[in-house]
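# Observations on chain architecture
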Amino acid sequence: MKRWIGIGLAVVLVVGVGIIALVGRDKGDKAAIGGRCETVTTVRGVVGSEKVPYFSDPRVQQAFASHCLSVQVEPAGSREIAGLDLSAYDFAFPSSAPTGEAIRRKVKAPRAYTPFSSPMAIATFARISDLLTKVGVVHQEGSYQVLDMEKYLALVAKGQRWDTLPGSTFAARKSVLITTTDPRTSNSAAMYASIVSFVANGDAVVQGAAAEKKVLPLLTKVFLAQGYTENSSEGPFENYLTGGVGNTPMVMIYEAQFVDRLQRKDGSINPDMRLLYPSPTVVSKHTLVPLKPPGDQVGKLLTDDPALSELAAEHGFRTNNSSQFTSVLNKLGAAAKPVAHEDIVDVIDPPTYETLEHLLNAISAQYN
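Residues numbered from 1 in each chain as written. Predicted model: local features only at pLDDT ≥ 70, side-chain atom pairs only at ≥ 80, totals over all residues. Heavy atoms only, no water.

### Considering the nonpolar core
Which entries qualify depends on this criterion: Take the buried Ala, Val, Leu, Ile, Met, Phe, Trp, Tyr and Cys residues and link them wherever side-chain atoms come within 4.5 Å; each set so joined is a nonpolar core. Per-residue accessibility, obtained with a 1.4 Å probe over protein chains only, is compared with the maximum for each type, and a residue is labelled buried under 20%, exposed over 50%, and partly exposed between these values. Per the convention used, a helix needs a DSSP run of H or I reaching at least four residues, while a strand needs a run of E reaching at least two, with both numbered from the N terminus. Where a domain begins and ends is set by an automatic assignment or by a domain database.
Counting 72 residues, the largest nonpolar core has Leu147, Tyr152, Trp162, Met250 and Phe258 as the members making the most contacts within it. The greatest single-element share of this core, amounting to nine residues, is contributed by helix α8 (residues 187-200). Residue assignment places this core across two domains, with domain 1 (39-116 + 286-336) and domain 2 (119-283 + 343-365) each supplying three or more. Ranked by size, the runner-up nonpolar core spans 24 residues in total, among them Ala63, Phe91, Ala256 and Leu311.

Here it is as structure tokens:
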């Protein structure tokens with residue numbers, strides 16, 4: 001938590017410095033911008049950590065500044081956001097529709113905005129996808145590779161190790177597991193729980209106490225068997241980028257994180273890295289809940305402003321205009337080969353917020 005507070009302060013500082021550079025001066029909530037704005041309104045939001053690079057982009061800051069806004073954000077896990085005292089913020093921007101709806105009901109907001117989304121995906125390496133293809137767990141579907149979750153979970157249920165898979169050339173004496181974030185705080189882990197619970201419930205969305213009891217043994221195992229997990233989605237993805245295949249063979253991420261790194265062209269994504277799409281998967285709908293009028297203005301701009309929408313696509317998000325994401329992939333060329341160029345077919349809905357909370361709280365109790 002202290003780490004994210006520190007990162008949050010750093011982000012606020014970066015955004016603040018960016019706006020100062022843009023306007024040439026800073027007078028708190030009100031300042032002049034090149035004579036075009038009489039005042040600048042500072043808007044404060046709490047957002048899922050995967051959206052921090054977007055809000056920190058100077059071009060995004062410039063786009064908001066053109067509307068006389070200075071947008072400052074602090075990162076937090078989406079489940080954490082739902083439990084925060086939100087009185088200091090103008091908007092909350094968790095990474096899933098169920099959490100967004102829970103916040104909207106909590107604060108009695110009249111509306112919410114879903115300006116962009118991202119399917120859940122699995123970042124891995126060529127030798128892992130090749131090995132899982134040999135044993136029938138991974139296959140090609142259209143332009144992208146999918147991981148059959150039913151077959152994968154069968155391996156998890158029997159405690160399969162990487163080095164004992166038939167034909168394995170990956171001599172890691174660890175269990176076949178997808179690394180996730182901490183289900184007690186993070187949305188990406190909650191989305192993973194949605195997928196696992198659907199498969200464990202016989203390909204049906206979990207609803208009711210009996211179904212919850214049925215899926216909990218396997219659901220608990222896929223999280224507790226990992227040991228320590230990080231609070232937010234940036235942590236395990238960074239470990240994947242820097243630690244290599246032995247450290248993190250597979251990690252659950254938002255597709256947008258992978259595309260964003262490709263866009264940066266900083267070498268963090270190398271040709272050996274692959275992207276798999278779980279089948280089924282869940283599309284994470286990033287949902288902005290306005291808490292005050294300035295936050296409502298941010299929600300409208302993210303939804304309607306073409307410049308902000310195009311920048312969201314450049315950061316890897318799928319916007320309401322599908323041609324924007326397609327254009328980004330086309331410009332990336334061969335580097336974008338692991339990314340699905342079309343809509344993902346096998347997509348399910350997550351359980352209701354209340355059901356998901358029941359499941360995640362039951363898992364949390366096992367941590368204790």
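Alright, that's what it looks like, and here's the rest.
### What to know about the pattern of salt bridges
Between side chains of opposite charge, a pair can form when the charged atoms approach closely. Let me state the cut-off plainly: Criterion for a salt bridge: a side-chain nitrogen of Lys or Arg within 4 Å of a carboxyl oxygen of Asp or Glu.
What the rule picks out here adds up to 15 salt bridges. Between aspartate 182 and arginine 184 there is a salt bridge, with the nearest N and O atoms lying 2.9 Å from each other. The partner of aspartate 266 in a salt bridge is arginine 261, with the nearest N and O atoms 3.5 Å apart.

### Regarding the state of the cysteines
A covalent bond between the sulfur atoms of two cysteines is what we call a disulfide. Defined as follows: To count as a disulfide, a pair of cysteine sulfur atoms needs to be within 2.5 Å.
Taken as a whole, this structure holds one disulfide when the rule is applied. Residue cysteine 37 pairs covalently with cysteine 68 via a disulfide, S to S 2.0 Å. The chirality of the disulfide connecting cysteine 37 with cysteine 68 is left-handed, given an S-S dihedral of about -80°. Here cysteine 37, found in the loop between α1 (2-23) and β1 (41-47), pairs with cysteine 68, found in the loop between α3 (58-65) and β2 (69-75); they are 31 residues apart in sequence, far enough to count as distant. On the basis of relative accessibility, which here comes to 3%, the residue cysteine 37 falls in the buried class.

### Section: the pairing of strand β9 (residues 281-290)
Here is the rule we go by: The pairing criterion is simple: DSSP has to find at least two bridges between the two strands.
By the criterion of burial, β9 is predominantly enclosed, with eight of the ten residues buried. Relative to β9, strand β3 (residues 91-93) runs antiparallel, the two sharing two bridges. Each bridged residue has a counterpart across the sheet, and for alanine 92 the counterpart in β9 is valine 289. Sheet topology note: the strand β4 (residues 113-125)/β9 ladder contains five bridges and is antiparallel.

### Describing the domain arrangement of the chain
For interface size, the figure often reported is the accessible area lost on association. The test is simple: Here a polar contact is taken to be a pair of N or O atoms separated by no more than 3.5 Å, where protein atoms must pair a possible hydrogen donor with a possible acceptor and residues adjacent in sequence count only if both atoms sit in side chains. Each residue is assigned to one class: nonpolar for Ala, Val, Leu, Ile, Met, Phe, Trp, Tyr, Cys and Pro, charged for Asp, Glu, Lys and Arg, and polar for all the others, Gly among them.
Here the chain is partitioned into domain 1 (39-116 + 286-336) and domain 2 (119-283 + 343-365). The straight-line distance from the C-alpha centre of domain 1 to that of domain 2 is 25 Å. Summed over the shared surface of domain 1 and domain 2, the number is three salt bridges. Between glutamate 255 and arginine 318 there is a salt bridge, with its nearest N and O atoms 2.7 Å apart. For the interface between domain 1 and domain 2, the tally reads seven residue pairs in polar contact (both at pLDDT 80 or more). Across the side of domain 1 that touches domain 2, the residue classes tally to ten nonpolar, nine polar and six charged.

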